[in-house]
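Structural features, examined
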Amino acid sequence: MHLRGIFCLGRRVFIANLTFMRLALQPGQRKLRMIPLIAATYFMVSGGPYAIEDILGGAGYSTAIIILLVLPFLWSLPTTLMIGELASAIPAEGGFYVWVRRALGPFWGYQEGWLSLSASVFDMAIYPAFCVTYLGKFNPALTAGWHSLAWSLAVVIICCMWNLRGAPSVGDGSIWLFLLLLSPFAVFIVFGLWQGFAHHSAVQWHHVSSESALSTAILVAMWNYMGWDNASTVAKEVENPQRTYPRAMIGSALLVAVSYILPLLAMAFAGLTSDNFSTGSWVDAATSVAGPWLGFAVIAGGVVSGFGMFNALVMSYTRLPMAMAEDRMLPRSLARVNSRGVPWVSVLLCGLAWALALKLPFEPWGHLSG
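Let us look at the structure shown here. This one's a predicted model, so the numbers in the text were calculated from it and none came from an experiment.

**Some words on the overall build of the protein**
- Secondary structure assignment for the protein yields 13 helices and 2 strands.
- Within the span of the protein, comprising 370 residues, buried residues form 51% of the whole.
- Look at the contacts in the protein between residues 6 or more apart in sequence, and 78% of them connect residues 24 or more apart.
- For the protein, the accessible area works out to roughly 18200 Å², and carbon and sulfur atoms hold 67% of it.

**Re helix α3 (residues 96–104)**
- Residues of α3 that are buried: Phe-96, Tyr-97, Val-98 and Trp-99.
- Among the structural elements, α2 (53–89), α4 (106–123) and α12 (319–326) are those in contact with the buried residues of α3.
- At the C-terminal side of α3, Gly-105 shows a positive phi close to 105 degrees.

**Quick notes on the packing of helix α1 (residues 34–45) against helix α9 (residues 241–269)**
- Axis separation between α1 and α9 bottoms out at 9 Å; the angle between their running directions is 50 degrees. Overall, the two elements α1 and α9 adopt an arrangement that is oblique. Considering how the two elements wind past one another, α1 and α9 form a crossing that is right-handed. Contacts from Met-34, Leu-37, Ile-38, Thr-41, Tyr-42 and Val-45 of α1 reach α9 at Thr-244, Tyr-245, Arg-247, Ala-248, Met-249, Gly-251, Ser-252, Leu-255, Val-256 and Ser-259.
- Partitioned by chemical class, the residues of the contact of α1 with α9 number 10 nonpolar, 5 polar and 1 charged.

**Some details on the pattern of salt bridges**
- Applying the stated criterion across every chain, the model contains 5 salt bridges.
- The salt bridge involving Glu-239 is made with Arg-33; its shortest N-O contact spans 3.7 Å. Here Glu-239 is found in the loop between α8 (211–224) and α9, whereas its partner Arg-33 is found in the loop between β2 (12–19) and α1, with 206 residues between them in sequence.
- The salt bridge partner of Arg-101 is Asp-327, with a shortest N-O separation of 2.8 Å. Within this pair, whereas Arg-101 is found in helix α3, its partner Asp-327 is found in the loop between α12 and α13 (344–356), the two being separated by 226 residues in sequence.
- On the accessibility criterion, Arg-101 (23% relative accessible area) is partly exposed.
- Exposure remark for Asp-327: the relative accessible area of 28% places this residue in the partly exposed category.
- One salt-bridge network, held together by shared partners, links Glu-93, Glu-237 and Arg-319.

**Focus: a nonpolar patch on the surface**
- On the surface, Ile-66, Leu-69, Val-70, Phe-73, Leu-74, Trp-75, Leu-77, Leu-81, Trp-223, Met-226, Ile-250 and Leu-254 cluster together to form a nonpolar patch covering roughly 1200 Å² of accessible area.
- Among the secondary structure elements, those contributing two or more residues to the nonpolar patch are α2 and α9.
- In terms of residue count, α2 provides more of the nonpolar patch than any other element does, 8 residues in total.
- With respect to the element layout, Met-226 can be found in the loop between α8 and α9.
- Of the residues examined, Met-226 reaches a relative accessible area of 41% and is grouped as partly exposed.

**Thoughts on the side chain of Glu-53**
- Within the secondary structure, Glu-53 sits in helix α2.
- Comment: no salt bridge for buried Glu-53; closest opposite-charge side chain is Lys-137, at 8.9 Å.
- Within polar-contact distance, the side chain of Glu-53 engages the backbone nitrogen of Ala-51 at 3.5 Å.
- In this structure Glu-53 touches Tyr-134, Phe-277, Ser-278, Thr-279, Gly-280, Ser-281 and Trp-282, once residues within four positions along its chain are discounted.

**Concerning the packing of aromatic side chains**
- Going through the model one piece at a time under the given rule, you end up with 17 aromatic pairs.
- An angle of 15 degrees between the planes, with centres 6.1 Å apart, marks the rings of Phe-138 and Phe-296 as stacked. Placement of the pair is Phe-138 in helix α5 (residues 126–138) and Phe-296 in helix α11 (residues 292–317), with a sequence separation of 158 residues.
- The exposure class assigned to Phe-138 is partly exposed, which follows from its relative accessible area of 34%.
- Centre to centre, the rings of Phe-191 and Trp-293 are 6.0 Å apart; their planes meet at 70 degrees, and the pair counts as edge-to-face. Of this pair, Phe-191 sits in helix α7 (residues 167–199) while Trp-293 sits in helix α11, and the two are 102 residues apart along the sequence.

Cut-offs and rules
Residues numbered from 1 in each chain as written. Predicted model: local features only at pLDDT ≥ 70, side-chain atom pairs only at ≥ 80, totals over all residues. Heavy atoms only, no water. Helix = DSSP H or I, 4+ residues; strand = E, 2+ residues; numbered from the N terminus. Buried < 20%, exposed > 50% of the residue type's maximum accessible area, 1.4 Å probe, protein only. Contact = heavy atoms within 4.5 Å. Areas by Shrake-Rupley, 256 points an atom, 1.4 Å probe, with all protein chains shown as cover. Axes fitted to C-alpha atoms, helices over the stretch in contact; angles between N-to-C directions. Parallel < 35°, antiparallel > 145°, perpendicular 65-115°, else oblique. Left-handed = near helix turned anticlockwise from the far one by under 90°. Nonpolar A, V, L, I, M, F, W, Y, C, P; charged D, E, K, R; others polar. Salt bridge = Lys/Arg side-chain N within 4 Å of Asp/Glu carboxyl O. Patch = residues over 30% accessible without salt bridge, like charges linked within 9 Å, V, L, I, M, F, W, Y side chains within 5 Å. Lys, Arg positive; Asp, Glu negative; His and termini not counted. Polar contact = N/O pair within 3.5 Å; in protein donor to acceptor, adjacent residues only side chain to side chain. Phe/Tyr/Trp six-rings, centres within 6.5 Å; stacked < 30°, edge-to-face > 60°.

Spelled out as structure tokens, the structure:
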């Protein structure tokens, strides 16, 4: 509250501007802490081992494990260190968009933000489809006909509503989704290693079908280690970003690598063949190792994976329109926030754009429905 007063002292007149700090009647908004940020980043980058099957099918156990061990150091670590440093130095809402704008100017900042948002329209529609595809493995009738679109639309609506509760809510929820997602794989690892040691199963380490299969395995692995910059867009909503971001980036990178490598090792020790191992084959592997019940658990994990990835990325992408609107590069209405600091107009408009893209065909996931 500002007051302006006129004071007289003898013949002199003083004009003073007095500022009074308004006492906060409510505690400050809760912010995203380190462990929730790690969980949310995990879903922005990975979403579990569900997309690494083609690495194993093309390269075999030994080569696939080497690829997944080496790439974190050559591909992920430099990026995570960069994100940790920049998010600590410039903890602004909008993350990588703000960095580009400050370094290269408004024009290239706008290009970075707009192209990222445009790509998200098509990228984000994949995750509800992924979620629904695994849901259909329980019972194909659940996703037959118009039911598939209805389930995908439900994922978009639920995640947008969840995000309106704030970044801390998304981060806390990501922890539980992370535990649900990886629980079947933890059981799979125990059963696979036990089966290998108990039955002395022969491990088929070497198998590379062709050079093209090997290059495909490397490219798929690189794709599965991408997306760290998505965690930067909520930097202003992170508690003590100077300390939290570097630790969160390294922690999430380790979690991603471990969650890829350990299931492959367990599968190798169990003596399962890597021939014809492709997207969706984790269900068959889990059924072979422990029985149908674990196969169903892996299917449930696939549903959680698609939902968790979409939910975390809603939090990431919706901060871009807000940051751009604050810079007058988009309509100012996109910068409106609710009582929890969430850009609610941005969430609703982005959710609408993603929902409209749900009917687009996505060939890479098409074979999952079989």
